[in-house]
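Notes for the structure review
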Amino acid sequence: MKKMSKTVVFFGNEKLATGISDVQTLIKNAVQAAGFEIEKVITGPLQELGAHSSQLAVLAAYGRIMPQSVLDQFPLGVINIHPSLLPLYRGTTPIEQVILDGATKTGVSIMRLTAGMDEGPLYKQKSLHLRGDESKAELAESLQRLGAELLTEVLPKIATQALPARNQPHPDRATYSRKLTKDEGNIDWTKPALQLEREVRAFAGWPKSRTIVGNKEVIITAAHFLAGRPSQKPGAVEVINKSTVQVACGTDYLIIDKLKPADKSEMSAAEFIRGYGQNL
């Protein structure tokens, strides 16, 4: 067993990964818990790296392409914590994509970064089963914690080369998450209600789920699906018992649980009805 390298460079922005404004730096803390000193933290352009003595680097939600010239500076590798079970959901939005797809399972992969998009060999993976109602922030935080636990476990073994990386299984079955656009946040009520419910969860934070309810621009922040054959055209709003806002979709209904009118704080559907019900 070789002597362990004791310093690492950390590339990343964990707030970017989770969308949580007061997020804890769990991955960064895990590096230190594993017995390493962080020589540098790089959150911006690679020009910030400069001279360093670390043979190992850790990357989490860095959001920038890592060229081979930088990878070559770390003989023990750049270790990436990717929030999916690779080779599934390679790319930049794996958390959003598993929600949009209605997946029942996801997880975390600890891998060695290569020039290919999330194609590097794996050190360890761990699964996380999904309930089907997780918000993006909730799922991101769960995966961040899982990734931190795994990293603390495997990083010393990676540093001493006691844990070999293995090629990703079935690379021919790889799937890719896609880059989201702001326009996707404009709700299309002709879609099935179940898909819109997933979009509300997946798009929380950005690009958000925007629409007009009662002549008022709103962002829907929480909603659920209700089976039923709409008697009105998609987008028609109905108030039930002065407490429930349901909207007809291409199939079934979307029940709005919480929403945020423009320039207002988030509120429940009942509060929205009390304030804006005359326009519904």
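Anyway, here's the lowdown on the structure attached to this text. Here the structure is a predicted model, which means the values were calculated and not measured. (Residues numbered from 1 in each chain as written. Predicted model: local features only at pLDDT ≥ 70, side-chain atom pairs only at ≥ 80, totals over all residues. Heavy atoms only, no water.)

**Re the side chain of glutamine 246**
By the secondary structure assignment, glutamine 246 is in strand S10 (residues 244-248). With near-sequence residues (within four places) excluded, glutamine 246 lies in contact with Leu226, Ala236, Val237, Glu238, Ile240, Tyr253, Leu254 and Ile255. (Helix = DSSP H or I, 4+ residues; strand = E, 2+ residues; numbered from the N terminus. Contact = heavy atoms within 4.5 Å.)

**Examining helix H5 (residues 136-159)**
The end-to-end C-alpha separation of H5 is 32 Å, in line with the 34 Å expected for 24 residues at 1.5 Å each. The principal kink in H5, of about 35°, is found at glutamate 153, preceding the proline proline 156 by one to four residues. Downstream of H5 by a residue or two, glutamine 161 has a phi angle that is positive, lying close to 60°. (Expected span 1.5 Å × (residues − 1). Bend = angle between axes of the 7 residues up to and from the residue.)

**As for unusual backbone geometry**
Cis geometry is adopted by the peptide bond preceding proline 87, which originates at leucine 86 and carries an omega value of 15°. The step from tryptophan 206 to proline 207 runs through a cis peptide bond, and the omega angle for that step is 5°. Unusually for a residue other than glycine, glutamine 161 sits at a positive phi of about 60°. Relative to the helices and strands, glutamine 161 is located in the loop between H5 and helix H6 (193-202). Non-glycine residue lysine 208 carries a positive phi angle of around 70°. Assignment of secondary structure puts lysine 208 in the loop between H6 and strand S7 (209-213). Judged by its relative accessible area of 35%, lysine 208 falls in the partly exposed class. (Buried < 20%, exposed > 50% of the residue type's maximum accessible area, 1.4 Å probe, protein only.)

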